[in-house]
Amino acid sequence: MPDADACTVAASLVTADLWGHPSHGMLRLPWYVARLQSGAMNPVTEPEVVSAFGAVSVLDGRDGVGQIVTARAVELAADNAATHGVAVVAVRNSNHFGTAAYWTRILAERGCVGILTTNGSPAMAPWGGLRKMVGANPWSIAVPGGSHGAVVLDIANTGVARGKIYAAKERGTGIPPGWAVDASGLPTTDPQAALDGLILPMAGHKGYAISFMMDVLSGVLTGSRYGTGVVGPYVPDHRSGCGHLVVAIDIRAIMAPDEFGARMDDYIESIKNCPAAPDTEVLVPGELENRAIERAGGVVGLPPATVAELNALAAVAGVPGLTEE
C-alpha cells in the first residue's frame, strides 16, 4: 500500500486498541493482509465519485481498503456540508473500515454532527429464524461535546460486536451467557461455537429491525451488496461488497458552534449530576474512550495470541516484530 494509506489504516487499528476495543484493533491486521495478498482487496485505493447531485454524492470504493475509502467519504461529506449545510455520501464496493467511531469523531472535529452506517456479513438470524442472514451492521453518531470532547455513539445491532467474540477466542476465554447461540440454537459460552452459530441481536426484535434498516441504508440504497451478499473481513479471498452511508450536518448552518458547545456542556453536566447507583459512575457516550487515550499514554496492550500472530506476519513480511515490553 502507499505509505500514507498504510499509516491511516495503522492509526485506525492502534487507536481502537488504545480506546480499549481490541475487537477492532490489531487483531484484524492479519485478516487485512490476507485479503490484500489474495487480491480480494486492492492495495492501491482509488475511490471514484460516480454521481453528485447537490449535497448528495455516490462514491465507488472499487474494492479498495475500507479505511481509505471511508476517509475520502468523510472528507467529501465535511467539505460538502460546509457548502450546503448538510451532506450525504453513499459508498459502495468498500471493505471493513475498523471502528465506526474513528470516522464520526473526525466529522465532530470538523464541526459537524457525524452519522455513519455500514453493513457487514451475516451474523444474526432474522427475528424468529435460525439462519445467518443479517449483519451486525454497526452505526455511529458523533457530535462536538463542548469542553468535554466528542460525544460518540458507536454500536452494533447484535448484543455484542462479533469482533469481541474473536477477541475472546484470542484470549482463550469464554463469552458471557446471552451473547450467542450455537449452530443448533442452544445458548453457548464457547467463542468458536458462537462464531459457528448465531450472535443474538440487542434488545430482541428491536436489534434485528434496526440492523435490517441499517442494511437498507448501507447496502440497498448505496447500490452495494446487502444481506447474505456481503463478505466479512475474515474471509481472505472474496470481495466484500459492503457499503456505507455518511451524513454530515454542519452545526454552523443551525447555530453558532460556541452556542452549541455551551448547550452540550449544560446537557452533559445535567446528566452527570444524576445520583449514581453504588459503585458506579454516570457517563456520557464516548467518555470512556476519551479517558482511555489519556490513561494509555500511547502504550498498547495486546493479548499474547495477537502478538504471536503479528510476529508471524512480521517474519513473513521481513519487518521487526513486537516485544513483550
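To be clear, the structure that these remarks concern was listed above.
Here the structure is a predicted model, which is why all the values come from computation and not from measurement.

About the thresholds
- Residues numbered from 1 in each chain as written.
- Predicted model: local features only at pLDDT ≥ 70, side-chain atom pairs only at ≥ 80, totals over all residues.
- Heavy atoms only, no water.
- Phe/Tyr/Trp six-rings, centres within 6.5 Å; stacked < 30°, edge-to-face > 60°.
- Helix = DSSP H or I, 4+ residues; strand = E, 2+ residues; numbered from the N terminus.
- Buried < 20%, exposed > 50% of the residue type's maximum accessible area, 1.4 Å probe, protein only.
- 1 Å grid on protein atoms, 1.4 Å probe; cavity = no way out; pocket = protein on both sides within 12 Å on 5 of 7 lines; lining within 4 Å.
- Points joined across faces, edges and corners; volume = space filled by probe spheres on them.
- Nonpolar A, V, L, I, M, F, W, Y, C, P; charged D, E, K, R; others polar.
- Expected span 1.5 Å × (residues − 1).
- Arc of directions from axis to C-beta.
- Contact = heavy atoms within 4.5 Å.
- Pairing = 2+ DSSP bridges.
- Core = buried A, V, L, I, M, F, W, Y, C linked by side-chain atoms within 4.5 Å.

Chemist: Looking at this structure, I do not really get the packing of aromatic side chains. What am I missing?
Modeler: Geometrically, a pair of aromatic rings is defined through the distance of the ring centres and the angle of the planes. Overall, the coordinates contain five aromatic pairs when judged by the stated rule. The interplanar angle of 70° and the centroid separation of 4.8 Å between the aromatic rings of Trp31 and Tyr166 together place this pair among those described as edge-to-face. Within this pair, whereas Trp31 is found in helix α2 (residues 29-38), its partner Tyr166 is found in helix α5 (residues 162-171), the two being separated by 135 residues in sequence. For Tyr166, a relative accessible area of 16% corresponds to the buried category.

Chemist: Explain the layout of surface pockets here, please?
Modeler: Any empty space left between atoms is shown by rolling a water-sized probe over those atoms. When its volume is computed, the largest pocket comes out at roughly 890 Å³. Looking at the largest pocket, it is lined by 49 residues, and the ones nearest its centre are His24, Asp154, Ile155, Ala156 and Ala161. Sorting the residues of the lining of the largest pocket by element identifies α4 (100-109), β8 (151-155), α5 and α9 (287-296) as the ones contributing at least two each. Its residues assigned to classes, the lining of the largest pocket comprises 24 nonpolar, 18 polar and seven charged. Looking at the second largest pocket, its volume works out to about 490 Å³. Those elements that provide at least two residues to the lining of the second largest pocket are α2 and α10 (304-317). When the residues that make up the lining of the second largest pocket are grouped by side-chain class, the tally is 17 nonpolar, four polar and two charged.

Chemist: Would you mind showing me how to read helix α7 (residues 205-220) here?
Modeler: Because an α-helix packs 3.6 residues into every turn, residues spaced three or four apart end up facing the same way. For α7, with 16 residues, the first-to-last C-alpha span of 21 Å sits near the 22 Å given by 1.5 Å per residue. Within the span of α7, buried status applies to Gly207, Ser211, Met214, Asp215, Ser218 and Gly219. Down the axis of α7, the buried set is contained in an arc of 110°. They therefore lie on one face. Where α7 is buried, its residues meet β3 (86-94), β4 (112-118), β5 (122-124), β6 (134-135), β7 (139-143) and β12 (242-250).

Chemist: Looking at this model, I keep getting lost on the pairing of strand β1 (residues 48-53). Mind explaining?
Modeler: Remark: a regular strand shows side chains that alternate across the two faces of the sheet. Sheet topology places β1 next to strand β2 (residues 56-60); five bridges connect them, and they run antiparallel. Opposite Glu48, over in β2, you have Asp60 as the bridge partner. If you look at the hairpin formed by β1 and β2, you'll find two residues sitting between the two strands, and Gly54 has a positive phi there, around 60°.

Chemist: Please clarify how the nonpolar core should be interpreted in this entry.
Modeler: Side chains that are nonpolar tend, in soluble globular proteins, to be buried together. Of all hydrophobic cores here, the largest spans 26 residues; its most connected members are Val89, Leu107 and Val246. Top element by residues in this core is helix α3 (residues 66-84). It accounts for seven residues. With residues up to four places along the chain from it excluded, the contact list for Val246 reads Ala73, Val74, Ala77, Ala87, Val88, Val89, Leu107, Ile115 and Leu116.

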